[in-house]
Amino acid sequence: MTTLTRQDLNFGQVVADILCEFLEVAIHLILYVREVYPSGIFQKKKKYNVPVQMSCHPGLNQYIQDTLHCIKPLIEKNDAEKVVVVIMDKEHHPVERFVFEISQPPVVSIRHTEDISIFLNHSAETLLSHVEQLLRAFILKISVCDAVLNNNPPGCSFTVLVHTREAATRNMEKVQVIKDFPWIVADEQEVQMKESRLIPLKSMTSDIVKMQLYVEERAQKT
């Protein structure tokens, strides 16, 4: 039995590529399904072999892309524990929090030495095809999540939070991935939600990443 680290296999970069592509689709879909923006700014596309709604608003798309570009190094280093899409009412109080919990194994065990070359030659496309079915199930769950959630009040907005390990938090204050797009500490009201209920949506387990998605919904939204 041979044990290889994530660095040996370069899994960090591959997982970050896969998850950031998935999170971009998921965020667009959440904003559509939960009616944070008018349906007219979305258009139907096909991702993971299922139809999804993606924004065609340049400003919104750029914000989502910039956010994920900043999150990507944290996922690559296995420093991101949660990525949270927070939907807030007009008073900037959260009404829903879509929480993606992410964990990656620090090592991967290979049964036979001759298997190492096969493992090392895995491309991002091969790994994506391996987890595509699992990610597709997440997208399908998000598509129908309004069936288990109450309607949101009008005039909602959103933000994206990332929960990191303590060491990563200290380093983030020194590093600015995108100019004029710095990390800031989230307001307590964006992180905490009183009198909420938790709705599990989907979980997945694979050799390279584990992920769980659940929603924290405020009991009284109006």
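Figured I'd write up the structure that's included with this text. (Residues numbered from 1 in each chain as written. Predicted model: local features only at pLDDT ≥ 70, side-chain atom pairs only at ≥ 80, totals over all residues. Heavy atoms only, no water.)

## A short note on the packing of aromatic side chains
Selection rule: For Phe, Tyr and Trp, where Trp contributes only its six-membered ring, two rings pair if their centres lie within 6.5 Å, and the inter-plane angle classes them as stacked under 30 degrees, edge-to-face over 60, or tilted in between. Helix and strand assignments follow DSSP, with helices taken as H or I runs no shorter than four residues and strands as E runs no shorter than two, numbered in order from the N terminus. The buried label goes to any residue with under 20% of its type's maximum accessible area, the exposed label to any with over 50%, and the partly exposed label to all in between, with areas taken from a 1.4 Å probe on protein chains only.
In the structure shown here, the tally under the stated rule is six aromatic pairs. With a centroid separation of 6.4 Å and an interplanar angle of 65 degrees, the aromatic rings of Phe22 and Tyr48 are classed as edge-to-face. Placement of Phe22 in helix H2 (residues 11-33) and of Tyr48 in the loop between strand E2 (42-47) and strand E3 (50-55) is noted, with a sequence separation of 26 residues between them. The pair Phe22 / Tyr48 is uniform in exposure class, with both members buried. When the centroid spacing of 5.8 Å and the interplanar angle of 80 degrees are considered together, the rings of Phe22 and Phe138 count as edge-to-face. In this pair, Phe22 is assigned in helix H2 and Phe138 in helix H5 (residues 124-143), connecting sequence segments 116 residues apart. Using a relative accessible area of 0% as the deciding quantity, one classes Phe22 as buried.

## Observations concerning the side chain of Gln53
What counts, and what does not: Any two residues whose heavy atoms approach within 4.5 Å are treated as being in contact.
On the secondary structure map, Gln53 appears in strand E3. Apart from residues lying up to four places away in sequence, Gln53 is in contact with His28, Leu29, Tyr32, Phe42, Gln43 and Lys44.

## Thoughts on helix H3 (residues 58-76)
The following threshold applies: Any helix carries an expected span of 1.5 Å times its number of residues minus one. One axis is fitted to the seven residues ending at the residue and one to the seven starting there. The bend at that residue is the angle between these axes.
With 19 residues, H3 extends 27 Å between its outermost C-alpha atoms, agreeing within 8% with the 27 Å of an ideal straight helix rising 1.5 Å per residue. A maximum bend of about 30 degrees is found in H3 at Cys70, where proline Pro73 lies one to four positions downstream. Of the positions making up H3, those classed as buried are Leu60, Asn61, Ile64, Asp66, Thr67, Leu68, Cys70, Ile71, Leu74 and Ile75.

## Some thoughts on the nonpolar core
Which entries qualify depends on this criterion: To form a nonpolar core, buried Ala, Val, Leu, Ile, Met, Phe, Trp, Tyr and Cys residues must be joined to one another through side-chain atoms within 4.5 Å.
By size, the foremost hydrophobic cluster in this structure holds 55 residues, and its most contacted members are Phe22, Ile75, Phe98, Phe100 and Met211. The greatest single-element share of this core, amounting to 15 residues, is contributed by H2. Beyond its immediate chain neighbours, meaning those up to four positions away, Phe22 contacts Tyr48, Phe100, Leu135, Phe138, Ile139 and Met211. Grouped together as the second largest cluster of nonpolar side chains are six residues, Val86, Met88, Leu161 and Tyr214 included.

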